[in-house]
Amino acid sequence: MGGIAIVAGAFAGWVASDFYHGVYTRTGIFVMAAIIGSALVGVLDDWIKVMRERNLGLSTRAKLFGFMGGAAEVARRYPLSDNALPARYARAIATYRQGRLDQALVQIDALIAAEPGNAYFQELKGQTLLESGRAGPSLPYLRRATALAPGALPIRVLLGHALVGAGDPAGAREATTILTQVLQRDDDYAEAWQFLAMAYERRGDTPNSQLAAAQVLFLQGSMIAARTQADRAQKQFKPGSPGWLKADDILNYRPPKFD
């Protein structure tokens, strides 16, 4: 926002200078118009960023307290007298964690009704259904959450999990695509590798399932088990193929030595 002061100073100087000389040149007008236009764009960009960060920050903070805080701590920080959406969000999560599923779903539905375009609320409904054994019904909510927050990798992984859990071949194929896209952005996402291994297994693709399982074990530091899975997978790939090379990387990995 300090740029506003700079622009204001430049504008005042231009006005004073041209007024002193008794003429406003076309070049000066064009230059000032460009400066002011750029400043307005910057202010708008800053405002959008602030609003996004404010909304995401509140939701993220409430989510962390809901999932990680104890019931008493959530009740203290987000009392029933607080009707703001982040507070209701934290209480809904806490209710679910306490095993009161039906009550939690009522609270989550109220959140979605209040703000249908909130990816976190859609995600929570999908996660609650998925983790209570209802993978199929969770899919519309997780798809919606993914559409609302396409860059949120955890939501995409959750959608991949649900697709695998739904148990149909088409879902396993879609999960493979989604989880592969996640891993293209974050190759160290162990949970994505875990569900990718399950998706490949559902599809009957044993080599890729074993390779994905090897990646999970590798990221967890279980090197002997990782090499065992990688060796099994590599024997089924064509030498020099991407899968063969990926398995070879695990087989030949040696931890760095620190003097």
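Cut-offs applied
Residues numbered from 1 in each chain as written. Predicted model: local features only at pLDDT ≥ 70, side-chain atom pairs only at ≥ 80, totals over all residues. Heavy atoms only, no water. Salt bridge = Lys/Arg side-chain N within 4 Å of Asp/Glu carboxyl O. Helix = DSSP H or I, 4+ residues; strand = E, 2+ residues; numbered from the N terminus. Buried < 20%, exposed > 50% of the residue type's maximum accessible area, 1.4 Å probe, protein only.

(A) A look at the pattern of salt bridges. Per the stated rule, a full pass over the model turns up 4 salt bridges. Residues Asp109 and Lys125 are paired through a salt bridge, measuring 2.6 Å at the closest nitrogen-oxygen approach. One end of the pair, Asp109, is in helix α5 (residues 101-114); the other, Lys125, is in helix α6 (residues 119-131), with 16 residues separating them in the sequence. When its relative accessible area of 35% is taken as the criterion, Asp109 is described as partly exposed. A relative accessible area of 7% places Lys125 in the buried class. In this structure, Asp187 and Lys246 form a salt bridge, with 3.3 Å as the shortest nitrogen-oxygen distance. Taken as a pair, Asp187 in the loop between α9 (169-185) and α10 (190-202) and Lys246 in helix α13 (residues 242-251) lie far apart in primary sequence, 59 residues in all. When its relative accessible area of 35% is taken as the criterion, Asp187 is described as partly exposed.

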